[in-house]
Amino acid sequence: MKFSSFSLLGFWRNINDEYSEISNKALRVLLPFATSYLCEAGFSAVAVLKSKYRSKLNIEK
């Protein structure tokens, strides 16, 4: 029931008291993916802004 009421990282943090060893291992595996995902998404957004599509913007009436 806890798994369905929390996010994946929140679930493992919540059960850290009961299952500390497996919780710590799961967080070590999952945490880099969450942080690298945000970084990749940021780079993708900047790449789109700097791409050829930006030069085609026409702001005239």
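- Per an unreviewed UniProt entry, the chain is named Zinc finger BED domain-containing protein 5-like, and its organism is Aphis craccivora.

### Description of the pattern of salt bridges
So, step 1. Applying the stated criterion across every chain yields a total of 1 salt bridge.
So, step 2. Residue E21 pairs with K25 through a salt bridge whose shortest N-O separation is 3.8 Å. Here E21 pairs with K25, and both are found in helix α3 (residues 20–49), just 4 residues apart, close to one helical turn.
So, step 3. Since its relative accessible area comes to 57%, E21 is described here as exposed.

### Here we look at the side chain of S23
So, step 1. As for its placement among the helices and strands, S23 is situated in helix α3.
So, step 2. By relative accessible area, S23 is classed as buried at 0%.
So, step 3. Among the polar contacts made by the side chain of S23, one reaches the main-chain carbonyl oxygen of W12 at a distance of 2.5 Å.
So, step 4. Setting aside anything within four residues of it in sequence, one finds S23 in contact with W12, R13 and N16.

### With respect to the environment of L31
So, step 1. Mapped onto the fold, L31 is located in helix α3.
So, step 2. With relative accessibility at 47%, the residue L31 sits in the partly exposed group.
So, step 3. Taking C-alpha positions, L31 is 7.8 Å from L9, a pair spaced 22 residues apart along the chain.

Reading the values: the criteria
- Every chain is numbered independently, its residues counted from 1 as its sequence is written.
- Totals for whole chains, interfaces and linings use all residues, but because this is a predicted model, local features are given only for residues with pLDDT of at least 70 and pairs of side-chain atoms are given and counted only at 80 or more.
- Values shown for side chains rest on all heavy atoms present in the structure; no hydrogens or waters enter the calculation.
- Throughout this description, the term salt bridge denotes a Lys or Arg side-chain nitrogen within 4 Å of a carboxyl oxygen of Asp or Glu.
- Secondary structure counts use DSSP, requiring at least four H or I residues in a row for a helix and at least two E residues in a row for a strand, with both numbered from the N terminus.
- Residue exposure (1.4 Å probe, protein chains only): buried if accessible area is under 20% of the type maximum, exposed if over 50%, otherwise partly exposed.
- Polar contact is defined as a pair of N or O atoms within 3.5 Å, subject to the rule that within protein one atom must be able to donate a hydrogen and the other to accept it, and that residues adjacent in sequence are counted only when both atoms are side-chain atoms.
- By definition in these notes, contact holds between two residues if any of their heavy atoms fall within 4.5 Å.

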